[in-house]
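Each chain, written out:
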Amino acid sequence: MTKRVYIKTVGCQMNVLDSEMVVADLKRHGYTIVDSPKDADCVFYNTCSVREHAEEKVYSALGKIREAKDRNPDKLIGVMGCMAQKDQEIIFKRAPYVDMVIGPGQLHTIPDLIEKVRSGQGRQMAVSLGRTDGKQAIVARSHETFDPLRDPTMRPTPFQAYLRIQIGCDKFCTYCVVPNTRGPEQGRPPEQILSEARILADQGCREITLLGQTVNSYKYKDGDHTTDMTSLLEQLHEVDGIDRIKFVTNYPKDMTERLLIAVHELPKVSPYLHVPAQSGSDDVLKRMKRGYTIADYMEMFERIERLVPEATVSSDFIVGFCGETEEDFEKSVALIERCRFKNSFIFQYSVRPGTKASERLVDDIPREVKADRNHRLLEVQNRVAQEENDKLIGQTVEILVEGPSKKGQDADPDSATVQMIGRTHCDRIVVFDGNRRQAGQFLKIHVDDASSHTLVGRVQTVDVVTIGMPG
Ligand code: SAH
Ligand code: SF4
Ligand code: F3S
């Protein structure tokens, strides 16, 4: 039996990291990774449940793979990730040819589950406990992940890696499925995080992005001693080889003065803060149970402006949440105008089974109104971002070069000059004409032009000169 695996990943960075771990585990068990489901003996979908659309896409992909499974029943199909945890048996009902359903806290069981299916033990399901299925500590343990196992080839680039510092979420925003799919909030032990950061640095990684649903609420208690986000950042700052530290996603209420002072003072920590507001209206925020008002958000925002004046801030918004009036919506517009976010991810509200909003509130905003508000809010955000980016024209920024841009990847492989892409410390995207060897370097770029999403520039000084090479 050959051991070729294909994994399709959708959803957030947590899922990207989870796929990296599963690949590392499967490779250890003798599997190779292939680029197409056609060539694979095992096909996995790493799924997301945050909006209905994300789930429908997976069910539709499962529909398409059915024919291949009919032709070759030995081809194993696995559904992993948040939708696996949320839908469980429903997946077997909707797609009876699926062989494995694995929740995000049970991914370490995959090699074993494959063996069980292969040896004729029938289809397999490994999911974590529900929030009320037992004592908190036992439920939490069932959601733990197996992060130390990594595979560099699966990373966004060889120089960048995600590092999970927090599992789960306890905020229970009324619209959100994540506290159910990822379980209780738990900070991972700082020694583990530090040792993973050192390994990543040894593997050539220069930038780490710390992951958590409310990453700045990170806490780890060991007896009397508590490590918080600030002390964790201070410790990670000492890791040689790591030059940039980012962290997402932040919860507005936990953006303390102490943390912001650290962001400003620790040069490796990026002055980039993703702090989703979700709405500009107090009434909507209350129904979302976000736990803050717009006055609280603005107080936090002004704290950022005061303590980290160099920071860029980005946000998420949900439009068309239950009962959102035109007036409420205008308040989200006003918030973007006031905060001038670097970017905002804007989502149309999607009812999620099992959430408070699905049980207690009415999804009363018509689809067209949601789509229209989405479009209008995006227009405002894009205009603000364009104006902010225009201010950088003529200035010099420093970027970590990630590799060829999309355009650069499509370029003739023999051409010495290709379009390269990188990001500033503030997470702005920059493209420039360069060469592939610049990937992984920090370069100074003179900005010549800007769109709302991208700065366009040229290399100003070359930090590393490779003698004897053209270009
Ligand atoms: N933990 C992060 C976000 C997790 S989900 C935080 O609290 O900010 C990513 C984004 O998806 C959220 O910020 C929210 O804007 C959006 N989202 C979550 N549930 C949603 C739903 N039911 N419908 C539409 N968008 C949703
Ligand atoms: Fe979902 Fe709210 Fe937790 Fe974010 S903080 S993951 S939006 S429940
Ligand atoms: Fe989706 Fe799960 Fe991430 S629901 S957004 S993949 S935590």
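This structure is a prediction, so every number in the text was calculated from the model and none was measured.

Thresholds applied
Residues numbered from 1 in each chain as written. Chains lettered and ligands numbered in written order. Predicted model: local features only at pLDDT ≥ 70, side-chain atom pairs only at ≥ 80, totals over all residues. Heavy atoms only, no water. Phe/Tyr/Trp six-rings, centres within 6.5 Å; stacked < 30°, edge-to-face > 60°. Helix = DSSP H or I, 4+ residues; strand = E, 2+ residues; numbered from the N terminus. Buried < 20%, exposed > 50% of the residue type's maximum accessible area, 1.4 Å probe, protein only. UniProt positions renumbered as here; feature names shortened; annotations may be inferred. Pairing = 2+ DSSP bridges. Axes fitted to C-alpha atoms, helices over the stretch in contact; angles between N-to-C directions. Near = heavy atom within 4 Å. Polar contact = N/O pair within 3.5 Å; in protein donor to acceptor, adjacent residues only side chain to side chain. Areas by Shrake-Rupley, 256 points an atom, 1.4 Å probe, with all protein chains shown as cover. Nonpolar A, V, L, I, M, F, W, Y, C, P; charged D, E, K, R; others polar. Contact = heavy atoms within 4.5 Å. 1 Å grid on protein atoms, 1.4 Å probe; cavity = no way out; pocket = protein on both sides within 12 Å on 5 of 7 lines; lining within 4 Å. Points joined across faces, edges and corners; volume = space filled by probe spheres on them. Core = buried A, V, L, I, M, F, W, Y, C linked by side-chain atoms within 4.5 Å. Parallel < 35°, antiparallel > 145°, perpendicular 65-115°, else oblique. Left-handed = near helix turned anticlockwise from the far one by under 90°.

1. Some remarks on the packing of aromatic side chains
Describing an aromatic ring pair means giving the distance of the ring centres and the angle of the ring planes. As enumerated under the stated definition, the model contains 7 aromatic pairs in all. Between the aromatic rings of Y175 and F321, the centroid separation amounts to 6.1 Å while the plane-to-plane angle is 80 degrees, which identifies the pairing as edge-to-face. Placement of Y175 in the loop between β8 (166–167) and α7 (178–181) and of F321 in the loop between β15 (312–319) and α13 (326–339) is noted, with a sequence separation of 146 residues between them. The same class applies to Y175 and to F321, which are both buried. Relative to Y349, the ring of F321 lies with its centre 4.8 Å away and its plane at 80 degrees, an arrangement referred to as edge-to-face. Within this pair, whereas F321 is found in the loop between β15 and α13, its partner Y349 is found in the loop between β16 (344–348) and α14 (356–360), the two being separated by 28 residues in sequence. In textbook terms, an aromatic cluster arises when at least three aromatic residues are bridged by ring pairs, as seen for Y251, Y292, Y297, F301, F317 and F341.

2. Quick look at the environment of T132
Looking at the element boundaries, T132 is found in the loop between β6 (124–126) and α6 (136–142). Once the C-alpha coordinates of T132 and A68 are considered, the two residues, 64 residues apart in sequence, prove to be 39 Å apart.

3. Description of the UniProt feature "domain: Radical SAM core" (unreviewed entry) in the chain
If you check UniProt for "domain: Radical SAM core" (unreviewed entry), the listed places come out as residues 155–387 in our numbering. Helix makes up 41% of residues 155–387 and strand 18%, whereas the separation of the span's terminal C-alpha atoms amounts to 33 Å.

4. Focus on the sheet that holds β15
If you trace the 3 strands from one edge of the open sheet to the other, you get β14-β15-β16, paired in parallel fashion. Single-partner strands in this sheet number two, and they are β14 (272–274) and β16. The sheet shows a mean angle of 10 degrees between the axes of neighbouring strands, taken without regard to direction. By the bridge criterion, 3 bridges tie β14 to β15 in an arrangement that is parallel. Looking at β15, one finds that L273 is bridged to V313.

5. Looking at the site of ligand 1
Taken together, 15 residues are adjacent to ligand 1, and Y175, Q213, Q278, D316 and S350 come closest. Between R290 and ligand 1, the recorded distance is 3.4 Å, taken from a side-chain N or O atom to an oxygen atom. A distance of 2.8 Å separates a nitrogen atom of ligand 1 from a polar backbone atom of S350. In isolation ligand 1 offers 550 Å² of accessible surface; the protein chains occlude 90% of this area. Those elements that place two or more of their residues in the shell around ligand 1 are β15 and β16.

6. Description of the site of ligand 2
The environment of ligand 2 is formed by C169, K171, F172, C173, Y175, C176, V178, P179, Q213, T214 and R290. When the residues that make up the shell around ligand 2 are grouped by side-chain class, the tally is 7 nonpolar, 2 polar and 2 charged.

7. Thoughts on the sheet that holds strand β1 (residues 4–9)
Pairing is parallel in the open sheet, where 6 strands are placed in the order β2-β1-β3-β4-β5-β6. The two strands at the open ends of the sheet, each matched to only one other strand, are β2 (32–33) and β6. Both β1 and β2 contribute to a ladder of 2 bridges, which runs parallel. Its bridge partner being in β2, V5 is matched across the sheet by I33. Contacts from helix α1 (residues 13–28) reach β1, β2, β3 (42–47) and β4 (76–81), with the element oriented near 175 degrees to β1.

8. Describing the pairing of β16
Alignment of β15 against β16, held across 5 bridges, turns out to be parallel. Directly across from S315, in β16, lies its bridge partner S344.

9. Points about the environment of R28
Along the chain, the position of R28 falls in helix α1. The exposure class assigned to R28 is exposed, which follows from its relative accessible area of 60%. Considering only alpha carbons, one finds R28 and I114, 86 residues apart in sequence, at a separation of 14 Å.

10. Considerations on empty space enclosed by the protein
Overall, the coordinates contain 1 cavity of 30 Å³ or more when judged by the stated rule. Volume-wise, the largest cavity comes out at about 30 Å³. In terms of lining residues, the largest cavity is bounded by P148, R150, E196, I199 and L200.

11. Details of the side chain of R150
Among the secondary structure elements, R150 is positioned in the loop between α6 and β7 (160–164). At a separation of 2.9 Å, a polar atom in the side chain of R150 contacts the side chain of E20. Looking at R150, its side chain comes within polar contact range of the main-chain oxygen of Y162, at 2.8 Å. Contacts of R150, omitting those with residues within four sequence positions, involve L17, E20, M21, A24, R155, A161, Y162, L163 and L200.

12. Section: the nonpolar core
Soluble globular proteins: nonpolar side chains tend toward being buried together. If you look at the biggest cluster of nonpolar residues, it comprises 67 residues, and the most contacted ones within it are I208, L210 and Y297. Here the element with the most residues in this core is helix α12 (residues 294–307); it accounts for 7 residues. In this structure, M80, I110, I114 and F146 belong to the second largest nonpolar core, which totals 22 residues.

13. Let's talk about the packing of helix α9 (residues 229–237) against helix α10 (residues 257–265)
Two packed helices can be described by the angle between their axes and the distance between those axes. Between α9 and α10, the shortest axis-to-axis distance is 9 Å and the interhelical angle comes to 20 degrees. Considered as vectors, α9 and α10 are oriented roughly parallel to each other. As for the relative orientation of α9 and α10, their crossing is left-handed in sense. Contacts between α9 and α10 involve M229, T230, S231 and L233 on the former and, on the latter, R258, L259 and A262. Looking at side-chain class alone, the contact of α9 with α10 contains 4 nonpolar, 2 polar and 1 charged residues.

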